[in-house]
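Spelled out from the first residue to the last, the chains are:
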Amino acid sequence: MSGELAVIAGSSMAGAISAVLMGRIANTRKLKKEKQQDPQHKTAAAAKAELASLMFEKTLAAEAITRVYEAAQYGRIDRLERDRLLVKYKHDLDILNEKIAITKPVTEYSELAEARNNLVSLLEDRITTLDRKLAEMAKAGAVPIVVERVQVMPIPDKISDDTETRQFNAEEKSIEQLQHEIVQALTRLEQVELDKD
C-alpha cells in the first residue's frame with residue numbers, strides 16, 4: 001500500500017514538474033515570436049522585405065476595391081454584396097496602412113544610417129588622401145600646415161523618443177544638402193590639386 005502511495009505521489013510530482021516546464025517553454029516561444037514580430041527587433045533587410053510585402057498587399061487590396069466597384073457598376077454583384085466586400089477590403093487596407101506606418105520608419109532609419117556611414121567613410125578616405133598629399137608637400141619644402149583630425153560621432157542603435165525622431169526627420173534634408181555640398185567641395189579640391197600637378 002505504501003508502495004502504491006509512493007508511485008502515486010511520484011507520478012503527481014512528475015506531472016506537476018512537467019506542467020511547469022511546458023508552461024515555461026510555451027512562454028519562451030511566445031516571447032520569441034512576439035520579439036520577431038516587433039519591427040524594432042528586425043534587421044534592416046528583414047524590415048525592408050516586410051515593407052515591400054506590405055506594399056504589395058496594399059496594392060492588391062486597393063485593386064480588389066476597384067474590382068468591387070467595377071463589378072457593382074456592371075451589375076455582376078448587388079449593392080449588399082458590394083457594401084460587404086468594400087467594408088472587408090477597406091478594413092484590410094486600414095490594417096496594412098497601420099503596419100506600413102510602423103515598418104516604414106525602421107527601413108528609412110536603416111537606409112539613412114547606411115548613407116551616413118557611407119558618407120563618413122568617403123570623407124575619411126578623402127581626408128586621408130589629402131593628409132598624405134599635404135605631408136608630401138611639406139617634405140618637398142612647401143609650408144607645413146597643421147591638419148586636425150575630425151572625430152565622427154557614432155550613430156545610436158535606437159531612437160529613444162519621439163523628440164529625437166522629429167529632430168531626425170527635420171535634419172534629414174539638411175544632411176542630404178550638406179552631403180551634396182561636401183561632395184562638390186571635394187571635387188573642387190581634387191580639381192585644384194590636379195591643376196597644381
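Note that the structure is a prediction, hence the values are computed from the model and not measured.

Turning our attention to helix α3 (residues 79–139). The terminal C-alpha atoms of α3, which comprises 61 residues, lie 87 Å apart, in line with the 90 Å expected from a rise of 1.5 Å per residue. In α3, a bend of some 25 degrees at Thr 103 exceeds every other bend along the element, and Pro 105, a proline, comes one to four places later.

For side chains of opposite charge, pairing can occur when their charged atoms come near one another. With the rule as written, the count across this model stands at five salt bridges. For Glu 63, the salt bridge goes to Arg 67, with nearest N and O atoms at 3.6 Å. Placement of the pair is Glu 63 and Arg 67 together in helix α2 (residues 44–73), with a separation of four residues, close to one helical turn. For Glu 63, a relative accessible area of 39% corresponds to the partly exposed category. Accessibility expressed as a relative area gives 53% for Arg 67, which makes it exposed. Asp 83 serves as the salt-bridge partner of Arg 82, at 2.9 Å between the closest nitrogen and oxygen. According to the relative accessible area criterion, Arg 82 is partly exposed, its value standing at 22%. With a relative accessible area of 33%, Asp 83 lands in the partly exposed category.

What follows is about α2. Taking 1.5 Å of rise per residue, the 30 residues of α2 would be expected to cover 44 Å, and the 43 Å separating its terminal C-alpha atoms lies within 8% of that figure. Residues of α2 that are buried in the fold lie against α3. The positive-phi residue at the C-terminal boundary of α2 is Gly 75, with phi of around 80 degrees.

Moving on, we get to the packing of α2 against α3. Remark: α2 packs on α3, axes separated minimally by 8 Å, with the N-to-C direction vectors making an angle of 155 degrees. If you check the angle between α2 and α3, you find them roughly antiparallel. Crossing of α2 over α3 shows left-handed handedness. A class-by-class count of the residues in the contact of α2 with α3 yields 19 nonpolar, four polar and nine charged.

Here we come to the nonpolar core. Counting 10 residues, the largest nonpolar core is built from Leu 51, Leu 54, Ala 61, Ile 65, Val 68, Leu 85, Leu 86, Leu 93, Leu 96 and Ile 100. Of all elements in the fold, only α2 and α3 reach the threshold of two or more residues within this core.

Positionally, Thr 103 belongs in helix α3. Given the relative accessible area of 2%, Thr 103 is considered buried. Not counting residues up to four positions away in its chain, the partners in contact with Thr 103 are Ala 47, Glu 50, Leu 51 and Leu 54.

Conventions used here
Here, residues in each chain are numbered from 1, in the same order as that chain's written sequence. In view of the model being predicted, local features appear only for residues whose pLDDT reaches at least 70, and side-chain atom pairs are presented and counted only at 80 or more, with totals across whole chains, interfaces and linings using the full set of residues. No hydrogens and no water enter the side-chain calculation; it runs on all heavy atoms of the structure. Counting from the N terminus, the helices are the DSSP runs of H or I reaching at least four residues and the strands are the DSSP runs of E reaching at least two. Between the first and last residue of a helix there are one fewer steps than residues, each counted as 1.5 Å, and that sum is the expected span. To get the bend at any residue, fit one axis to the seven residues that end at it and another to the seven that begin at it, then take the angle between the two axes. By convention in these notes, a salt bridge is any Lys or Arg side-chain nitrogen within 4 Å of a carboxyl oxygen on Asp or Glu. For every residue, the accessible area obtained with a 1.4 Å probe (protein chains only) is divided by the maximum for its type, and the residue is called buried under 20%, exposed over 50%, and partly exposed between those limits. Any two residues whose heavy atoms approach within 4.5 Å are treated as being in contact. In this analysis an axis means a line fitted to C-alpha atoms, helices contributing only their contacting stretch, and an angle means the value between N-to-C directions, from 0 to 180 degrees. Angles below 35 degrees are treated as roughly parallel, those above 145 as roughly antiparallel, those between 65 and 115 as roughly perpendicular, and all remaining angles as oblique. In this scheme the handedness of a crossing depends on how the near helix is turned from the far one: anticlockwise by less than a right angle means left-handed, clockwise means right-handed. Amino acid classes used here: Ala, Val, Leu, Ile, Met, Phe, Trp, Tyr, Cys and Pro are nonpolar; Asp, Glu, Lys and Arg are charged; the rest, including Gly, are polar. As used in this record, nonpolar core signifies buried Ala, Val, Leu, Ile, Met, Phe, Trp, Tyr and Cys residues forming a set joined through side-chain atoms within 4.5 Å.

Functional significance is not addressed by these values, which are geometric in nature.
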